[in-house]
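# Architecture and fold: a report
Okay, here's what each chain looks like letter by letter:
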Amino acid sequence: MLASKWVYLVVCALRKGRRRNGELARKLEGITPKMLTQTLRVLERDGLVRREVYPVIPPRVEYELTELGQNLAGLLTQIRSWAEQHAPDIKDARARAIAANEGDWAA
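Residues numbered from 1 in each chain as written. Predicted model: local features only at pLDDT ≥ 70, side-chain atom pairs only at ≥ 80, totals over all residues. Heavy atoms only, no water.

### Some words on the nonpolar core
With 20 residues, the main nonpolar core has Val11 and Leu14 as its most contacted residues. Going through the elements one at a time, helix H1 (5-14), helix H3 (33-45), strand E3 (60-65) and helix H4 (67-100) are the ones with two or more residues in this core. In this structure, Leu14 is in contact with Arg19, Leu24, Leu40, Val49, Tyr63, Glu64 and Leu65, ignoring residues within four places of it in sequence. (Core = buried A, V, L, I, M, F, W, Y, C linked by side-chain atoms within 4.5 Å. Buried < 20%, exposed > 50% of the residue type's maximum accessible area, 1.4 Å probe, protein only. Helix = DSSP H or I, 4+ residues; strand = E, 2+ residues; numbered from the N terminus. Contact = heavy atoms within 4.5 Å.)

Here you go:
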């Protein structure tokens, strides 16, 4: 579940508080409605997201991270920071590997 880019992006989008489905869809450019629904269901099933349905017409649904989800969001922020800090090192290593192996490595 954590390997999904959409899980990462949805958790990060919910990090700052409750959001409605439409807000998430606008924030996550490129996600299809089906993928957003599937991702939210997985996160809810695993206890990372809380879904609240308001009894109004039309129905209003909001999503927010649970305590467990907030904990995961903190870890994902640390991973992003590490990746940003080490991106130049990774690019240099890739360039050296490609040069040494005459392009056999996948970019």
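### Brief notes about the packing of H1 against H3
Between H1 and H3, the least distance of the axes is 10 Å, while the angle of their chain directions is 75°. Viewed along their axes, H1 and H3 adopt a mutual orientation that is roughly perpendicular. Mapping the contact onto sequence places Trp6, Val7, Val10, Val11 and Leu14 in H1 and Met35, Leu36, Thr39, Leu40 and Leu43 in H3. Split by residue class, the contact of H1 with H3 holds nine nonpolar, one polar and no charged. (Axes fitted to C-alpha atoms, helices over the stretch in contact; angles between N-to-C directions. Parallel < 35°, antiparallel > 145°, perpendicular 65-115°, else oblique. Nonpolar A, V, L, I, M, F, W, Y, C, P; charged D, E, K, R; others polar.)

### Description of the sheet that holds strand E1 (residues 19-20)
The strand order E1-E3-E2 describes an open sheet built from three strands, whose pairing is antiparallel. Each end of this open sheet is capped by a strand with a single partner; those strands are E1 and strand E2 (49-54). (Pairing = 2+ DSSP bridges.)

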